[in-house]
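Close look at the chain arrangement
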Amino acid sequence: ALEFRGEIVTLPREKGDDRNLTETPGAHERNPAWSPDGKTVAYFGDATGEVELVLSAHDGKGAPRSLPLNGSGFYTDLKWAPDSKKVSYRDNTRTIWILDVATGQKTKVATDAVYGPVPVLNHSWSPDSRFLAYTQNNATYFNRVYVFDLEKKASIPVTSELVDARSPVFDASGKYL
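Since the model is a prediction, treat every value here as computed from it, not as a measurement.

1. A look at the pattern of salt bridges
The full count for this structure, using the stated rule, is seven salt bridges. D83 is the salt-bridge partner of K86, the closest N and O atoms lying 2.9 Å from each other. For K86, a relative accessible area of 13% corresponds to the buried category. Since its relative accessible area comes to 30%, D83 is described here as partly exposed. The network of salt bridges with shared partners includes D77, K79 and R90.

2. Notes on the sheet that holds strand β6 (residues 52–57)
Pairing within the open sheet is antiparallel, and its four strands lie in the order β4-β5-β6-β7. Edge positions in the sheet fall to β4 (29–34) and β7 (65–68), since each has one partner strand and no second. Ignoring which end each strand starts from, the neighbouring axes of this sheet average 25 degrees apart. Bridge count between β4 and strand β5 (residues 40–45): four bridges; the pairing is antiparallel. Across the sheet, W34 pairs through a bridge with V41, a residue of β5.

3. Let's talk about the environment of W80
With respect to the secondary-structure elements, W80 resides in strand β8 (residues 76–80). You can call W80 buried: its relative accessible area is 9%. Considering only alpha carbons, one finds W80 and T40, 40 residues apart in sequence, at a separation of 10 Å. Excluding its chain neighbours within four sequence positions, the residues that come into contact with W80 are A33, W34, S35, P36, T40, A42, L55, K86, V87, V101 and W125. Of the polar contacts made by the side chain of W80, one reaches the backbone oxygen of A33; its length is 2.8 Å.

4. With respect to the sheet that holds strand β14 (residues 143–149)
Pairing between the strands of a sheet is mediated by backbone hydrogen bonds and can be parallel or antiparallel. In space, the four strands of this open sheet follow the order β12-β13-β14-β15, with antiparallel pairing throughout. The two strands at the open ends of the sheet, each matched to only one other strand, are β12 (123–125) and β15 (154–157). The mean angle between the axes of side-by-side strands here comes to 25 degrees, regardless of whether they run parallel or antiparallel. Relative to β15, β14 is paired through four bridges, and the arrangement is antiparallel. Residue F148 lies in a different strand from β15, and its bridge partner there is S155.

5. Observations concerning the packing of aromatic side chains
Under the definition given, this model contains four aromatic pairs. Their ring planes at 75 degrees and their centres at 5.7 Å tell us that Y75 and Y89 sit as a pair that is edge-to-face. With a gap of 14 residues between them, Y75 in the loop between β7 and β8 and Y89 in strand β9 (residues 86–90) connect regions that are remote in the sequence. Between Y134 and Y146, the ring centres sit 5.4 Å apart and the planes meet at 10 degrees, which makes this aromatic pair stacked.

Definitions and cut-offs
Each chain carries its own residue numbering, running from 1 in the written order of its sequence. Whole-chain, interface and lining totals are the exception, using all residues; otherwise, since this is a predicted model, local features are given only for residues with pLDDT of at least 70 and side-chain atom pairs are given and counted only at 80 or more. Side-chain measures were taken over the full set of non-hydrogen atoms in the model, leaving aside hydrogen atoms and water. By convention in these notes, a salt bridge is any Lys or Arg side-chain nitrogen within 4 Å of a carboxyl oxygen on Asp or Glu. Working definition: with a 1.4 Å probe on protein chains only, accessible area under 20% of the residue-type maximum means buried, over 50% means exposed, and in between means partly exposed. What makes two strands pair is DSSP finding at least two bridges between them. Only DSSP runs of H or I covering at least 4 residues are called helices, and only runs of E covering at least 2 are called strands; the numbering of each starts at the N terminus. Lines fitted to C-alpha atoms define the axes here, with helix axes fitted over just the stretch in contact, and angles between the N-to-C directions of these axes take values from 0 to 180 degrees. In this description, contact between two residues means that some pair of their heavy atoms is separated by no more than 4.5 Å. Under this definition, polar contacts are N or O atom pairs within 3.5 Å; protein pairs additionally need one hydrogen-donor-capable and one acceptor-capable atom, and for neighbouring residues in sequence, both atoms have to be side-chain atoms. In this scheme Phe, Tyr and Trp rings, the latter by its six-membered ring, pair at centre separations within 6.5 Å, and the angle between planes marks the pair as stacked below 30 degrees, edge-to-face above 60, and tilted otherwise.

As structure tokens, then:
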């Protein structure tokens with residue numbers, strides 16, 4: 001799935017034609033992300049006049065579902081949880097959000113302490129979709145790695161605030177970060 005001039009297009013891996021999922025010349029869609037189960041493409045779109053998270057069937061059949069977003073616009077870094085039930089994203093205030101696809105409920109995870117020239121809220125999901133690892137800068141502009149526990153709705157720091165750490169990723173088993 002890719003963004004092309006404000007449209008969301010899917011391309012087959014081997015044979016077949018491209019498919020324009022949006023076909024909305026009066027709107028701007030961007031940042032597509034294909035769900036791990038292969039059924040849905042999520043993207044940000046402004047067809048309603050406000051930027052929303054849009055969920056579209058991978059084959060373009062049926063009406064897309066739009067979910068309003070919290071935050072302050074300029075949404076980016078859209079990532080699906082491995083269970084295809086949640087997505088995480090970042091907004092212009094450098095805040096990470098998690099959205100439950102079934103309910104539309106949004107959870108604020110964290111906001112950078114310092115709004116610097118480079119966004120550092122890198123985030124990645126654990127294989128079981130229970131944890132979201134992310135980096136957050138602190139007052140010294142060092143990046144610290146945290147893990148957000150979705151069951152407890154709490155963040156746990158996993159690196160020192162005196163060490164600059166970035167780009168956390170879980171291993172395939174979920175045992176190591």
